[in-house]
Amino acid sequence: YLGGELFVSNDGLHDLDTRGKPAALRAGLHPIRAEYFQSGLNKGFQVYWEGPGIEKAPAPAEALFHR
């Protein structure tokens with residue numbers, strides 16, 4: 001979820017897969033919520049980001065926080 005709206009869904013049982021889509025965001029904080037289920041082999045969850053001057057890479061821990 002991005003800003004309270006479903007942004008990407010990769011539901012169901014499957015091997016590791018990457019899902020995403022572009023979002024034009026202004027500078028600043030943006031609430032995200034991830035719901036994650038794993039079963040079987042090849043499990044994982046990762047948040048990636050990219051943008052002008054930033055190659056696609058895992059979002060660094062210091063860029064994410066929770067209340």
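Residues numbered from 1 in each chain as written. Predicted model: local features only at pLDDT ≥ 70, side-chain atom pairs only at ≥ 80, totals over all residues. Heavy atoms only, no water.

## Points about the pattern of salt bridges
Here comes step 1: Inspection of every chain in the model, using the stated rule, returns 1 salt bridge.
Here comes step 2: One salt bridge connects Arg33 with Glu35, and the closest N-O pair in it is separated by 2.8 Å.
Here comes step 3: By relative accessible area, which is 45% here, Arg33 ends up partly exposed. (Salt bridge = Lys/Arg side-chain N within 4 Å of Asp/Glu carboxyl O. Buried < 20%, exposed > 50% of the residue type's maximum accessible area, 1.4 Å probe, protein only.)

## Topic: the pairing of strand β1 (residues 48-51)
Here comes step 1: In this structure, β1 lies alongside strand β2 (residues 54-58), joined through 3 bridges in antiparallel fashion. From the neighbouring strand, Trp49 faces β2, where its bridge partner is Ala57.
Here comes step 2: Between β1 and the antiparallel strand that follows it, β2, lie 2 residues; Gly53 among them carries a positive phi value of about 80°. (Pairing = 2+ DSSP bridges. Helix = DSSP H or I, 4+ residues; strand = E, 2+ residues; numbered from the N terminus.)

## Regarding the packing of aromatic side chains
The description of an aromatic ring pair uses the distance of the two centres, along with the angle that the planes make with each other.
Here comes step 1: Using the criterion set out here, one finds 1 aromatic pair in the structure.
Here comes step 2: Measuring from ring centre to ring centre gives 5.1 Å for Tyr36 and Phe45, while their planes differ by 50°; the resulting arrangement is tilted.
Here comes step 3: Between Arg33 and the ring centre of Tyr1, over which it is positioned, the NZ or CZ distance is 3.9 Å.
Here comes step 4: A cation sits over an aromatic face here: Lys56 above Tyr48, 5.5 Å from the ring centre. (Phe/Tyr/Trp six-rings, centres within 6.5 Å; stacked < 30°, edge-to-face > 60°. Lys NZ or Arg CZ within 6 Å of the ring centre and 35° of its normal.)

## Things to note about the environment of Asp11
Here comes step 1: Here Asp11 shows up in the segment before β1.
Here comes step 2: Among the residues examined, Asp11 registers a relative accessible area of 72% and is labelled exposed.
Here comes step 3: Placed 25 residues apart in sequence, Asp11 and Tyr36 show a C-alpha to C-alpha distance of 8.9 Å.

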